[in-house]
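# A structural walkthrough
Here's the letter readout for the chains.
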Amino acid sequence: MPTPGLRQRLTELRGPGVRPRALDARALAALAANPGCRRRALLDGAGVDKAALAQALGSPAAYGRSQFAIVRGNAFEARVKADGGAELMRLLRERLRPDGAGPQEAAGDAETAVPDLSAAGPEGRTARTALALRAATEAGGWSLLDHPLLAVEVAGSPAYVEPDAVVVHPDGGWTVVEIKSFPMIDGAADAAKVGAAARQAAVYALALERVARQVAARTGRKVRVRDRVLLVCPKDFSNLPTAAAVDIRRQLSATRRQLARLTRVEEIAAALPPGTTFDLRLADDGTTATRPAGELATAVAAVDADYAPECLAACELAFHCRGRSREDGAVAALGRGLRGELGGLRTIGEVLAAAAGPPGPPERGAAPCGGDPDRPDSSDPLDDPAVTALRRAAALRAEALAGAAPVAGRRPEEPGCH
């Protein structure tokens, strides 16, 4: 849990009287996919509303679920969980039946307990969920936890996530259930959407692992969070539910590793200039930001970002970060793959300067990429394979243009198309 001093600092970053925005598993999965972005780690850790911040900066997010999709998804989830989750449990026993299961595990008509998880506040709901998981594990039967609340530590700050459901098996295993409104057509769903659901489920599984260790220590039973989740979707073009087992071992390992790499929020906050805040100074209507956009842009720029084109589908501030990245000429704006290929060249200007050099071995002592030859730490371009490759590519391009046949209808003195 954060210290009182850290809680006060995070409150100052949000602004007085501003409630922290809760993180969901989708946001945590996106954060884990880009652990080098200190800006997102701080804003998410402080509970800043990034969508409102982007709107105030003049770069609003242009994505999100439509109201129709939300209503349709809620209606489908209610149908799946109707009658005490009978259809959901049928699908789970059908898709996740273990080999050699005993009579109690494989029984299709076994009674399923649905404990009440209501409590006051996120801390209360989290504690109530932990108690329900412990009681269900001790009972040794089937239990369905509808929308349990779990806590997971992100960069030293707690975040609360809420899976659609968690099923406790008679053998002490726990299974995460993800209910989505995109269809499974002929038993297969869109691979990108399934991957996103698997990454979200990995966040839930990580949060469950902490509770599982506590329950195992108190009950003496072996508790295992299963690495296969149940994905429930509409069948074909109907509203009838179908399901598939999704292996999340790879996503679980990657998410665990990436969350561990995140810089702690207090370290990022301590490096900010004094007085930095992301307070929008909302008007009396509670939605209109009155703080000048220039001040907000300065505050946001005080925290380093790690922009990549993938951020456009995962972060509300992506359009703002893309604009700044383009202004700076950052290679990262062209994609992580290209950035990795270019090694130490971080700006487009450096890339063009490197490509403009001679194709052969450069003179010893010459400044690489427009650098200062008198600096003792100037590196030798020969040691950078990216520079060598760029110069070789520039030479090949020049040779190709020089040897190109004249284009019909163009006078010889006209320049060629570059």
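Scope of this entry: the structure provided in the associated data block.

Definitions and cut-offs
Residues numbered from 1 in each chain as written. Predicted model: local features only at pLDDT ≥ 70, side-chain atom pairs only at ≥ 80, totals over all residues. Heavy atoms only, no water. Helix = DSSP H or I, 4+ residues; strand = E, 2+ residues; numbered from the N terminus. Buried < 20%, exposed > 50% of the residue type's maximum accessible area, 1.4 Å probe, protein only. Contact = heavy atoms within 4.5 Å. Areas by Shrake-Rupley, 256 points an atom, 1.4 Å probe, with all protein chains shown as cover. Arc of directions from axis to C-beta. Polar contact = N/O pair within 3.5 Å; in protein donor to acceptor, adjacent residues only side chain to side chain. 1 Å grid on protein atoms, 1.4 Å probe; cavity = no way out; pocket = protein on both sides within 12 Å on 5 of 7 lines; lining within 4 Å. Points joined across faces, edges and corners; volume = space filled by probe spheres on them. Pairing = 2+ DSSP bridges.

### Considerations on the overall build of the protein
Tallying secondary structure elements over the protein gives 16 helices and nine strands in all. Buried positions account for 41% of the 418 residues belonging to the protein. Of all intrachain contacts in the protein linking residues separated by at least 6 positions in sequence, the fraction that spans at least 24 positions is 65%. Approximately 22000 Å² of the protein is accessible, and the part contributed by carbon and sulfur atoms is 54%.

### Concerning helix α4 (residues 50-57)
Think of an α-helix as 3.6 residues a turn; residues three or four steps apart then line up on the same face. For α4, every residue scored as buried is listed here: K50, L53, A54, A56 and L57. Along the axis of α4, the buried positions cluster into a sector of 160°, meaning they face one direction only. For α4, the elements touching its buried residues are α3 (38-46), α12 (293-301) and α13 (318-327). Structurally, the start of α4 carries an N-cap: the backbone nitrogen of A51 is 3.2 Å from a side-chain oxygen of D49.

### Re empty space enclosed by the protein
This model, assessed by the stated rule, comprises two cavities of 30 Å³ or more. The calculated volume of the second largest cavity comes to roughly 30 Å³. Around the second largest cavity, the lining residues are E178, V194, A197, A198, A201, V229, L231 and V246. Elements that contribute at least two residues to the lining of the second largest cavity include exactly α9 (191-219) and β8 (228-234).

### Regarding the pairing of strand β6 (residues 173-179)
With seven of seven residues buried, β6 lies mostly within the body of the structure. Burial of the side chains of β6 extends over both faces: G173, T175, V177 and I179 are buried on one face and W174, V176 and E178 on the other. Relative to β6, strand β5 (residues 165-168) runs antiparallel, the two sharing four bridges. Across the sheet, residue A165 finds its bridge partner in β6, namely V177. In sequence, β5 turns back onto β6 through a hairpin of four residues, with G172 there showing a positive phi of about 95°. One ladder, built from two bridges, connects β6 with strand β7 (residues 224-225); its direction is parallel. Bridge pairing in β7 links W174 to V225.

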